[in-house]
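A closer look at the structure
Residues per chain are reported as follows:
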Amino acid sequence: MSSLPAEGQTGKLMYVMHNSEYPLSCFALFENGPCLIADANFDILMVKLKGFFQNAKANKIESRGTRYQYCDFLVKVGTVTMGPSARGISVEVEYCPCVIANDCWNLLMEFMQSFMGNHTPGIPSVFGTKHDSIYSPADTMVQYMELFNKIRKQQQVPVAGIR
């Protein structure tokens, strides 16, 4: 969704997101701004405010997949789709006993390298601002938003035919 701009202004983007781990919550992330956590009825409120916000349904993107538990690790592997087409894969890894992500980042990296090899990602940008803060569901949603925006911006590379 984006706010309808006044004359001479550009609209600000707001992403309304849901996470199956938190079915009673709705996350509203503002472009380069805060993350609002509301109850699931937030979508109904946004429909009532349609005079102020423009819905960008063509940009709907989602990740659906499987959730695995291995000892103290939670791993979610999903297919990222835009409309009917698959656009990428998401891998979310959580070390459940730790609530301060920077304290267990090296352990997370080692675990991810065991099954992702050289495709293991670097430290997420959200960690740069969190240092010794408690990791929250909003931090996960920010990372999904960054992933989805990256996928949206990818140019489709034509596939060469095999002869």
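Residues numbered from 1 in each chain as written. Predicted model: local features only at pLDDT ≥ 70, side-chain atom pairs only at ≥ 80, totals over all residues. Heavy atoms only, no water.

This next bit is on the environment of Ala40. Counting through the fold element by element, Ala40 comes out in the loop between strand 4 (35-39) and helix 1 (42-48). Not counting the four nearest positions on each side in its chain, Ala40 is found in contact with Pro23, Leu24, Ser25 and Cys26. (Helix = DSSP H or I, 4+ residues; strand = E, 2+ residues; numbered from the N terminus. Contact = heavy atoms within 4.5 Å.)

Turning next to the side chain of Thr140. Structurally, Thr140 can be placed in helix 4 (residues 137-153). Beyond its immediate sequence surroundings of up to four residues, Thr140 is in contact with Asn19, Glu92 and Tyr135.

A separate point is the nonpolar core. Membership of the largest hydrophobic core comes to 14 residues, with the highest contact counts inside it found for Phe73, Val93, Trp105, Leu108 and Met112. Mapped by element, the contributors of at least two residues to this core are strand 7 (73-82), strand 8 (85-95), helix 2 (101-116) and helix 3 (125-130). The leading source of residues in this core is helix 2, at eight residues. With near-sequence residues (within four places) excluded, Leu108 lies in contact with Phe73, Val93, Glu94 and Tyr95. Judged by nonpolar contacts, the second largest core, of 12 residues, contains Val80, Met82, Met141 and Phe148. (Core = buried A, V, L, I, M, F, W, Y, C linked by side-chain atoms within 4.5 Å. Buried < 20%, exposed > 50% of the residue type's maximum accessible area, 1.4 Å probe, protein only.)

A word on the state of the cysteines. Across all of its chains, the model carries zero disulfides by this definition. Sulfur of Cys26: no disulfide; nearest cysteine sulfur belongs to Cys35 and is 9.5 Å away. (Disulfide = S-S within 2.5 Å.)

Limitation: the analysis is restricted to geometry and does not speak to function.
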